[in-house]
Amino acid sequence: MTTAYEIQKSVEQIVVDGGLLHNVVQGGADTVVQTEGGSVKSLAGLQRDFNVQAGDILDVSKVNAGIAAAASLSASAAKDLATLKAAIAQVAASDAGAYLAAIQSLTSGSPTTAQLTLQATSRTVLAGFTGTVAGRQAYLSEFPRYGMFFWSTANLSTNVTADPQQGIYVPPASDRSGASGAWVRLDVSTPRLEWWGGGAGGDDTDAAAAIGDYITRLGGGFIELAPGKTYNVGRQSLANDNQYMFKPARLFEIVGCTKPVVIRANGARIRFNDGLYFGTFNADGTPAGFNAAGKASTPCITAIFAITSCTGSITVEGGLEMDGNVANMHIGGGAGDTGWQLGGDGIYFSGNTGQIKIDNLRAHHFPRDGMQGSTPCLNDAAPFGNVLFINCSFHNNVRNNFSALGGRGWFFLNCSFREAAVNTPIGSAPGSGIDLEAEQSNIRNFIFDNCEFVNNSSCGMVADSGDTKDVQFRNCRFVGVSGPSCWPRKPKMKFFNCTFVGSIIVVYPSVDPDLATQFSDCYFTDDAKESPTGAVVDGYLVNGGGGNQNVLFDQCRFKATKNPAVYLSGGGGNGAIWRNSKAVQDPSLPISILSVNLDGEYNSFDGGVSAPGITYTGRILINGVDQMLYSQAFNPTSIAPGSVAYAYISAFAKPAAVGWKVSATFDQSLLGLIMTCYISAADTITVSFFNPTPTAVDLPAGTIAARIQPNI
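Report on the accompanying structure. (Residues numbered from 1 in each chain as written. Predicted model: local features only at pLDDT ≥ 70, side-chain atom pairs only at ≥ 80, totals over all residues. Heavy atoms only, no water.)

So, the pairing of strand β15 (residues 277-280)
Defined as follows: Strand pairing is assigned whenever DSSP detects at least two bridges linking the two strands. Counting from the N terminus, the helices are the DSSP runs of H or I reaching at least four residues and the strands are the DSSP runs of E reaching at least two.
Here β15 pairs with strand β20 (residues 330-331) via two bridges, running parallel. Looking at β20, one finds that Phe278 is bridged to Ile331.

Right, here's the structure in full:
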């Protein structure tokens, strides 16, 4: 922030305060001055009130003293103003520019009666002032449009035409075009809906459209919402054309901004008005049947905020709540391919190339999505989109809580996606917490960290359409109550330290291990205590029935209490990779299918399991039995000097190949014999006992134990 800017703000504040003070001191008995602290009467008014109440006991000397003190304060303000003007003159050439020069000219000279602030109780009063000079100021006290204005003699017809709601420009009654000048709001650094009449407790639709248009005309800027206030938006009119039955009015549309756009919420809420129409309708407002062509349909609007084609950064911050209010809408027939595929989102963004940061947003109960959008990503080498979602919550939206339509380099931190199409009057497919559907551009390099996907009507996360690849989930939680916890059927999706409650329906197999789905240090369960509702969707905890080649489970844990743990078909080099992982399944459950490429030294499975095709490059214990350990009783006859006795152990149930390493022990004394072992043929272990002594040796009966160690 420059010195000139700080001086400018000080000048503006002194001008405002000086004008208010003048009206307090010089105003008539009926003058009331609107200040930030409330309404203040003039001294003349206070004197009149005191005279009425006190009669003859009025101490005129004290009143006169108060007037004198106020006049002294006004003179002091004038002196400070002159000092600041001198400072402006010193910095204007370096960094203040023409704007500061204009401010200086507006405030030149000592404050005089001609320059001090007029009072306007409405825009009509403001427009009716005559005989004004350039720079003359007026305070508009019309609720909720409060603010200081100054008179400009410039031709402002273009600005006046672009601002029909008179948030910034108020033309005079003598020339409504603004060609001969207009009143201009003094401080426009942080626009508010209140300037255009919003936030007054009624319909804020026009104010929303006006402020969106204003930011677009400026090429960027700030939108400031009042702390904790609720703004109500959304209006429709009967159209009855081939596109709409009830046409929605425009809301916040911000297009093509080259400078930063910042929406500061201050804990405010934006809510759809009661009684909006959504669906297909007849002209009399009664619901019509399903209309796949979408004709005579009625969306609420594309979205409350529609931000498109901006090259400047976009920021939404400050705890904004967005309420779609679907429960209080008139619901008509469906439209689109299924359900109600019509506009009605919280935020929609597309074609923006600058940084996007959405911080502490809550979007819920929208008739379509809480948010949907995309950023350009034409190929794997496209630059990072630098799109950030931090501490956001998306819940109880009718279709998806969030639809990602394309982009690169998105990062989600501490975000929640829950209860899509749950406890809503209607529901549309897919009903997911988040849908990664690359429809507008490719999806690459998304990261979700410490996010939750809980109790959505369908999948917690679904990735099943478009060109999507390279998505990571870290420390995330997926809970499927009525639908799958997760549907990761796209290449290079990796999960680290994640919890899955309920079934994962599909995974992505690939001959390339780096492209196959990977789970590392993850926990899978159907334990009802892990669900917020006490219910968990049925099905295998992981179902790789559609193929699971090279799908990796590394240091994972499975706890199955009501459904089998896994269905991992394949094997023989075409199955999943199970590395140092453990599954515990209730013995009463149907069997799991475990056909994997085994790796690691600490794998185990307790419960009913069929293991038809395990390729061993590691160990596994099934129900406590080491599947790489073989045992067989052995009681040879007497072995003559220089002779060999053989034992053959079949490994047909536990594959073994020629060339694999094998070791063996005998639980009795060898009495000088030499014991060796090897795999003599596929699935056959041969153990030999050679007698190098000069006498025959008769071994006692015992048990041979052999362990296979595959070559890696």
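There is more to say after this.
Comments concerning the state of the cysteines
Stated precisely, the cut-off is as follows: Put simply, a disulfide is two cysteine sulfurs that come within 2.5 Å.
Enumeration according to the criterion identifies zero disulfides in this entry. Its sulfur unpaired, Cys392 is 4.6 Å from the next cysteine sulfur, which belongs to Cys415.

Here we look at the sheet that holds strand β4 (residues 137-140)
Read across the open sheet, the five strands follow the order β3-β4-β5-β7-β6; overall the sheet is mixed. Unpaired on one side and paired on the other, β3 (118-120) and β6 (169-170) mark the two borders of the sheet.

As for the side chain of Asn397
Selection criterion: Categorising residues by exposure relies on relative accessible area from a 1.4 Å probe, with only protein chains included: less than 20% of the type maximum marks a residue as buried, more than 50% marks it as exposed, and the intermediate range marks it as partly exposed.
Mapped onto the elements, Asn397 comes out in the loop between β26 (393-395) and β27 (402-408). With a relative accessible area of 0%, Asn397 lands in the buried category.

Concerning the sheet that holds strand β54 (residues 684-690)
Formally: Inter-axis angles, ranging from 0 to 180 degrees, are taken between N-to-C directions of lines fitted to C-alpha atoms, where helices are fitted over the stretch in contact.
Read across the open sheet, the three strands follow the order β51-β54-β53; overall the sheet is antiparallel. Where the open sheet ends on each side, the last strands, each with one partner, are β51 (644-650) and β53 (674-681). Neighbour-to-neighbour, the strand axes of the sheet open up by a mean angle of 25°, direction not taken into account. Summarising the sheet, β51 and β54 pair through seven bridges and their orientation is antiparallel. When the bridges of β54 are listed, Ala645 appears paired with Phe689.

What to know about the pairing of strand β30 (residues 434-449)
Where burial is concerned, most of β30 is hidden: 14 out of the 16 residues are buried. Relative to β30, β27 runs parallel, the two being bridged by five bridges. Within the sheet, the bridge partner assigned to Phe402 lies in β30 and is Ile434. Sheet topology places strand β28 (residues 410-413) next to β30; three bridges connect them, and they run parallel. From the neighbouring strand, Leu413 faces β30, where its bridge partner is Asp449. Sheet topology places β30 next to strand β32 (residues 461-474); 10 bridges connect them, and they run parallel. Bridge assignment links Phe448 to a residue of β32, and that residue is Phe473.

Looking at empty space enclosed by the protein
We apply this condition: In this analysis the probe radius is 1.4 Å and the grid spacing 1 Å, with only protein atoms considered; a cavity is a set of points the probe fits into but cannot get out of, a pocket is an open set with protein on both sides within 12 Å along at least five of seven lines, and lining residues have an atom within 4 Å of a point. Grid points are joined across faces, edges and corners, and a volume is the space filled by probe spheres set on the points.
Enumeration over the complete set of coordinates arrives at two cavities of 30 Å³ or more. Taken as a whole, the second largest cavity spans an internal volume of roughly 30 Å³. Along its surface, the second largest cavity is lined by Ile307, Ile314, Ile347, Phe349, Ile356 and Ile358. Mapped onto the lining of the second largest cavity, the elements with two or more residues apiece are β21 (345-350) and β22 (356-359).

Overview of the pattern of salt bridges
Worth spelling out the cut-off: The rule for a salt bridge is simple: a side-chain nitrogen of Lys or Arg has to be within 4 Å of a carboxyl oxygen of Asp or Glu.
Tallying each qualifying case throughout the model produces 27 salt bridges. Salt-bridge contacts for Asp323 lead to Arg269; the nearest nitrogen and oxygen are separated by 3.5 Å. Note that Asp323 is positioned in strand β19 (residues 321-323) and Arg269 in strand β14 (residues 269-272), a separation of 54 residues in sequence. Of the residues examined, Asp323 reaches a relative accessible area of 8% and is grouped as buried. Among the residues examined, Arg269 registers a relative accessible area of 26% and is labelled partly exposed. With a closest N to O distance of 2.7 Å, Arg489 and Asp464 form a salt bridge. Of this pair, Arg489 sits in the loop between β34 (487-488) and β35 (493-496) while Asp464 sits in strand β32, and the two are 25 residues apart along the sequence. Arg489 sits in the partly exposed class, given a relative accessible area of 35%. Classification of Asp464 as partly exposed rests on a relative accessible area of 31%. In the salt-bridge network here, residues are joined through shared partners; they are Arg269, Arg271, Asp274 and Asp323.

Regarding unusual backbone geometry
Omega for the bond connecting Phe143 with Pro144 falls within 30 degrees of zero, at -5°, which places this linkage in the cis form. Mapped onto the secondary structure, Pro144 falls in the loop between β4 and β5 (147-152). Cis geometry marks the peptide bond from Ala429 to Pro430, where omega comes out at 5°. The backbone of Gln555 shows a phi angle near 55°, a positive value even though the residue is not glycine. Secondary-structure assignment places Gln555 in the loop between β40 (552-554) and β41 (557-560).

Details of helix α6 (residues 205-218)
The condition that has to hold: Given a helix with a known number of residues, its expected span is that number minus one, times 1.5 Å. Whether two residues are in contact is decided by their heavy atoms, any of which lying within 4.5 Å being enough.
Taking 1.5 Å as the rise per residue, α6 with 14 residues should run 20 Å; its terminal C-alpha atoms sit 20 Å apart, in good agreement. Within the sequence span of α6, burial applies to Thr205, Ala207, Ala208, Ala209, Ala210, Ile211, Gly212, Tyr214 and Ile215. Where α6 is buried, its residues meet β8 (221-224), β9 (230-233), β12 (252-255) and β13 (261-264). Looking one or two residues beyond α6, the residue adopting positive phi is Gly219, at roughly 80°.

What to know about a nonpolar patch on the surface
Rule in force here: Residues form patches when they are more than 30% accessible in relative terms and have no salt bridge. Like charges link within 9 Å. Nonpolar side chains (Val, Leu, Ile, Met, Phe, Trp, Tyr) link within 5 Å. Here the accessible surface of atoms and residues is derived via Shrake-Rupley with a 1.4 Å probe, and residues count as covered only by protein chains that are part of the display.
Side chains of Val644, Tyr646, Tyr648, Ile674, Tyr678 and Phe690 sit close together on the surface and give an oily, nonpolar patch of about 570 Å² of accessible area. Among the secondary structure elements, those contributing two or more residues to the nonpolar patch are β51 and β53. Of the residues forming the nonpolar patch, the biggest block, three residues, is contributed by β51.

Some points on the packing of aromatic side chains
To keep things clear, this is the line we draw: The pairing test for Phe, Tyr and Trp rings, Trp by its six-membered ring, is centres within 6.5 Å, and the orientation test on the planes gives stacked under 30 degrees, edge-to-face over 60, and tilted for anything in between.
A complete count under the given rule lists 51 aromatic pairs for this structure. Between Phe272 and Phe366 the ring centres are 5.7 Å apart and the planes differ by 70°, which places this aromatic pair in the edge-to-face class. Of this pair, Phe272 sits in strand β14 while Phe366 sits in the loop between β23 (362-364) and β24 (371-374), placing them 94 residues apart in sequence. For the pair shown, Phe272 and Phe366 are each scored as buried.

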